[in-house]
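One-letter residues, chain by chain:
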Amino acid sequence: MADQAMVSRVENEKVLVLERVFNAPRELVFSMFKEAEHLKHWWGPRGWEVTVCNIDFRPGGVWHYCMKCMDRNQGEFYGMESWGKGVYKEIDEPDRFVYTDYFSDAEGNVNEELPATVVAMEFIDLGGRTKLVSRSEYVSAEALKTVMDMGMLQGITETWDRLEERLNEVK
């Protein structure tokens, strides 16, 4: 369906806003983000699998995960691990949650070289469908450009495509 496309825009030079409508009820879409059993099926770009996913879904709680490239066709990325850590700041289920997203290592130590991001996820009830609005605020326009240059937009597009597929499997 045409309305399933992700829309992106940048506000104030350092806030990346992404929107997409999912053909699933809001509570289900929200649960995809808070339950490891769901997240590990869809988080990350195609060809990558979540090999570690620990979630403590509460304000101050930590989400620590590892994505590993399992696709030989991705060349130098094959076998690479990417660790991430989210710290939940605010949760208002099923409307929204806010977390700070960090690059980290296997022990959960934050990588200070790469920019941290404050991410606000909003879930808007459209009567059986859900509009997901993600607002990622970077420390600077340069930090946003850094992750855009890393191919983040394609990665998120593929990730949200996988979310749609997971929703279709479970609903």
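- Quoted straight from UniProt, the Sequence similarities (unreviewed entry) entry for the protein chain says "Belongs to the AHA1 family."

1. Considering the UniProt feature "domain: Activator of Hsp90 ATPase homologue 1/2-like C-terminal" (unreviewed entry) in the protein chain
Here is step 1 of the chain: In this numbering, the UniProt entry assigns the feature "domain: Activator of Hsp90 ATPase homologue 1/2-like C-terminal" (unreviewed entry) to residues 23–167.
Here is step 2 of the chain: Secondary structure across residues 23–167 divides into 28% helix and 38% strand, with the first and last C-alpha atoms of the span separated by 8 Å.

2. A few points about the pairing of strand E6 (residues 96–104)
Here is step 1 of the chain: Across 9 bridges, strand E5 (residues 81–92) lies against E6 in antiparallel orientation. Pairing of Lys85 across the sheet is with Tyr102, part of E6.
Here is step 2 of the chain: Hairpin connection from E5 to E6: 3 residues lie between these consecutive antiparallel strands.

3. A closer look at the environment of Glu165
Here is step 1 of the chain: Relative to the helices and strands, Glu165 is located in helix H4 (residues 152–170).
Here is step 2 of the chain: Taking C-alpha positions, Glu165 is 9.5 Å from His41, a pair spaced 124 residues apart along the chain.

4. Focus on the sheet that holds strand E1 (residues 7–11)
Here is step 1 of the chain: Strand order in the open sheet made by the 8 strands is E1-E2-E8-E7-E6-E5-E4-E3, with antiparallel pairing throughout. Each edge of the sheet is formed by a strand with only one pairing partner; in this case those strands are E1 and strand E3 (48–55). Pairwise comparison of adjacent strand axes, ignoring direction, gives a mean angle of 20° for this sheet.
Here is step 2 of the chain: Of the strand pairs in this sheet, E3 and strand E4 (residues 62–69) are connected by 7 bridges, and their pairing is antiparallel. What sits directly across from Trp48, in E4, is Cys69.
Here is step 3 of the chain: Across the sheet, helix H1 (residues 26–34) lies against strand E2 (15–22), E3, E5, E6, strand E7 (117–125) and strand E8 (130–138), angled at about 155° from E7, the strand it touches most.
Here is step 4 of the chain: Contacts between H4 and the sheet are confined to E1, E2, E3, E7 and E8, with E2 contributing the most and set at about 25° to the helix.

Conventions used here
Here the residue index of a chain counts from 1 through its sequence in written order. Owing to the predicted nature of the model, reporting of local features is limited to residues with pLDDT of at least 70; listing and counting of side-chain atom pairs is limited to 80 or more, with chain, interface and lining totals taken over all residues. In computing side-chain values, all of the structure's heavy atoms are included and hydrogens and water are not. UniProt positions are given in the numbering used here, feature names are shortened, and annotations may be inferred rather than shown by experiment. A run of DSSP states H or I qualifies as a helix once it reaches four residues; a run of E qualifies as a strand once it reaches two. Both are numbered from the N-terminal end. Two strands pair under a simple rule: DSSP has to find at least two bridges between them. Whenever a helix is involved, its axis is fitted only over the stretch in contact; in every case the axis is a line through C-alpha atoms, and angles between N-to-C directions fall within 0 to 180 degrees. Contact criterion: two residues are considered in contact whenever any of their non-hydrogen atoms come within 4.5 Å of each other.

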